Amino acid sequence: MTKRDFDAVIVGSGPNGFAAAITLQQLGLSTLLLEAKATVGGGMRSAELTLPGFIHDVCAAIHPMAAGSPFFSRLPLHEFGLTFIEPTIAAAHPFDNGKAAVLHHSIQKTIDGLGIDGSAYEKLVMPFYKNWDKILPFVLGPLTFPAHPFIMAGFGLKALQPAAILAKTFKTEAVRGLFAGMAAHSMLPFSKAATSAIALVLMMAAHHKGWPLVKGGSQQLANALAACYISLGGKIETGVNVTSLQQLPSSHAVLFDVSPGQLLQIAGHRFSALYEKQLMHYKYGMGVYKIDFALSEPIPFTAPECRQAGTVHIGNSIKEIALSEALAWNGKHADKPFVLLAQQSLFDALRAPQGKHTAWAYCHVPNGSAKNMTGIIEQQIERFAPGFRDCILAKHEMNAAAMQAYNANYIGGDINGGAPLLRQLFTRPALRWAPYKTAAKGLYICSASTPPGGGVHGMCGYHAARQAMKDVFKQA
């Protein structure tokens, strides 16, 4: 091959950019990783957003997918300072009656705590739990013929159902609410096909690897990936905002951890009319409104289980959560939005000064929304934790526009890299045999806008790198 400055250049240092860079570097190539911001990390950054000594996760906070990632699990990240902390309870879901439904790391403990719905939960999830090592590689990859077709058929029959339908598996409002909280991570109305898939994947992740947080903040995961990459001989340059191919050093391949819109801006002149049209029509999902709190004490939840949970899903009944998600999808704001809340400082003393605490919370809003949701989110938390507002020392707010300003991949505040609609699950960002290949030779997209989609798992980057190795460097 003709001599170039690098074998491959990777644009963007989120989990997928790092996965792509590390994969290629491990295979003996020379690579350069470029990051627009002053620090690496993408959605894995942490910062003192409120008061000195209070460490907040700017985006991703709880890491079930990172802990269970087939790629990250193969890296010696613990040697580079990464430590996962497992909360006492993975996730709790409070209700107006003062009680809570609970998702435990232990599948049996979860079953035992679900009352008359325990047997229904066991019947639904146990087959997937026992075969998760066979299901996960298919779920976290591009569309291929499954290695275990009968197992995947069984999973697909449940996963492809709308959450509104699969929730009827359960008799009690408590367990239906718990399931709804899991499905709401899809950021889709519960009437949409495959919204159950997100719920099932998150529940299986909890039962296998848990829902851990990163000791010291999510930035430590980014730092560990960076250190691992550099140890392999990789090179990182920060403060490089790539807006044109002309900015890049010469290379045989370029992998972009960017959104389809950014990819068009950078390289659209190299694409076919069909591919350009497909990227232009890519569907983005809801945005988020996020608040970080510095607190004088832990959140005083009424339900004791919530005071032991790393994640709390605030939304009460499935009816209420379904309405919240449908409204946001249709361009409206809920008066009682579903709120995802994390309590990292309960389990990580590095997150706040002694005796003080942090909280991380967001709700779904219409894409691009500029509405201030702070009061509504605080009201939702106060509803299940009377006295919460009295604990607030300071707060930091980010609407959907601020989320995009923080990370250009979050178009309109969409942190999933595009709506996980059934038609976009395996064909994102365009309908192609190899979704990571663009219409231009040597150019690839490796962001969450490719399969398997959003989440801190790095698998989009890994699969894109493998595709580049096959196409450009003729290695399988």
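Residues numbered from 1 in each chain as written. Predicted model: local features only at pLDDT ≥ 70, side-chain atom pairs only at ≥ 80, totals over all residues. Heavy atoms only, no water.

Digging into the side chain of T450
Inference 1: By the secondary structure assignment, T450 is in the loop between β16 (443-445) and α17 (459-471).
Inference 2: T450 sits in the buried class, given a relative accessible area of 0%.
Inference 3: A polar contact is formed between the side chain of T450 and the backbone oxygen of S447, at a distance of 2.7 Å.
Inference 4: Residue contacts for T450: discarding those within four places in its chain leaves R428, P429, P435, Y436, I445 and C460. (Helix = DSSP H or I, 4+ residues; strand = E, 2+ residues; numbered from the N terminus. Buried < 20%, exposed > 50% of the residue type's maximum accessible area, 1.4 Å probe, protein only. Polar contact = N/O pair within 3.5 Å; in protein donor to acceptor, adjacent residues only side chain to side chain. Contact = heavy atoms within 4.5 Å.)

Here we look at the packing of aromatic side chains
Inference 1: Taken as a whole, this structure holds twelve aromatic pairs when the rule is applied.
Inference 2: Three or more aromatic residues link up through ring pairs in this structure, and these residues are F71, F72 and Y462.
Inference 3: A cation over an aromatic ring shows up here: R74 above the ring of Y462, its NZ or CZ 5.3 Å from the ring centre.
Inference 4: Here the guanidinium or amino end of K283 rests over the ring plane of W329, the centre of that ring lying 5.1 Å away. (Phe/Tyr/Trp six-rings, centres within 6.5 Å; stacked < 30°, edge-to-face > 60°. Lys NZ or Arg CZ within 6 Å of the ring centre and 35° of its normal.)

Comments concerning the pattern of salt bridges
Inference 1: On inspection of all chains with the given rule, the structure shows twelve salt bridges.
Inference 2: The shortest N-O distance in the salt bridge between D133 and K134 comes to 3.8 Å.
Inference 3: Between E320 and R383 there is a salt bridge, and its shortest N-O distance comes to 2.6 Å. With E320 in helix α13 (residues 318-329) and R383 in helix α14 (residues 374-384), this pair connects stretches of sequence that are 63 residues apart.
Inference 4: The exposure class assigned to E320 is buried, which follows from its relative accessible area of 16%.
Inference 5: Residues joined in a network through salt bridges with shared partners are D57, D348 and R351. (Salt bridge = Lys/Arg side-chain N within 4 Å of Asp/Glu carboxyl O.)

Things to note about helix α5 (residues 132-139)
Inference 1: Every buried residue belonging to α5 is among W132, I135, L136, F138 and V139, and all of these are buried. Viewed along the axis of α5, the buried residues span an arc of 165°, placing them on a single side of the element. (Arc of directions from axis to C-beta.)

Thoughts on the packing of helix α8 (residues 173-183) against helix α9 (residues 195-208)
Inference 1: For the pair α8 and α9, the least separation of the axes is 7 Å and the interaxial angle reads 100°. Put simply, α8 runs roughly perpendicular to α9. Residues F179, M182 and A183 of α8 pack against T195, S196, I198, A199, L202 and M203 of α9.
Inference 2: Of the residues assigned to the contact of α8 with α9, the class counts are seven nonpolar, two polar and no charged. (Axes fitted to C-alpha atoms, helices over the stretch in contact; angles between N-to-C directions. Parallel < 35°, antiparallel > 145°, perpendicular 65-115°, else oblique. Nonpolar A, V, L, I, M, F, W, Y, C, P; charged D, E, K, R; others polar.)

Concerning the side chain of S251
Inference 1: Along the chain, the position of S251 falls in strand β10 (residues 251-256).
Inference 2: Among the polar contacts made by the side chain of S251, one reaches the main-chain carbonyl oxygen of A253 at a distance of 3.1 Å.
Inference 3: Not counting chain neighbours up to four residues away, the residues in contact with S251 comprise R4, F6, D7, A8 and V9.

Points about the sheet that holds strand β2 (residues 31-35)
Inference 1: A sheet is described by the order of its strands in space; here five strands give the open sequence β9-β2-β1-β10-β16, paired in parallel fashion. In this open sheet, the two edge strands, each paired with only one partner strand, are β9 (235-238) and β16. Across the sheet, the mean angle separating the axes of adjacent strands is 20° when strand polarity is ignored.
Inference 2: In terms of strand pairing, β2 meets β9 through four bridges, oriented parallel. Paired with L32 across the two strands is K235, which belongs to β9. (Pairing = 2+ DSSP bridges.)

Examining the environment of G418
Inference 1: Mapped onto the secondary structure, G418 falls in the loop between α15 (400-406) and α16 (422-425).
Inference 2: Sequence separation between G418 and A61 is 357 residues, and the spatial gap between their C-alpha atoms is 20 Å.
Inference 3: Setting aside chain neighbours within four positions, we find G418 in contact with Y282, K283, Y284, G285, Q424 and R428.

Structural notes on the sheet that holds strand β15 (residues 392-398)
Sheets are built from strands paired through backbone hydrogen bonds, the pairs being either parallel or antiparallel.
Inference 1: Read from one edge to the other, the open sheet built from seven strands follows the order β7-β6-β12-β13-β14-β11-β15, with strand pairing classed as mixed. The two strands at the open ends of the sheet, each matched to only one other strand, are β7 (100-103) and β15. Neighbour to neighbour, the strand axes of the sheet diverge by 20° on average, direction disregarded.
Inference 2: Judged from the four bridges that link them, strand β13 (residues 339-342) and strand β14 (residues 357-365) form a sheet pairing that is antiparallel. Note that in β14 the partner of V339 across the bridge is C363.
Inference 3: The strands touched by α14 within the sheet are β6 (89-94), β11 (287-295), β12 (309-314), β13, β14 and β15, with β11 carrying the most contacts at an inclination of about 60°.

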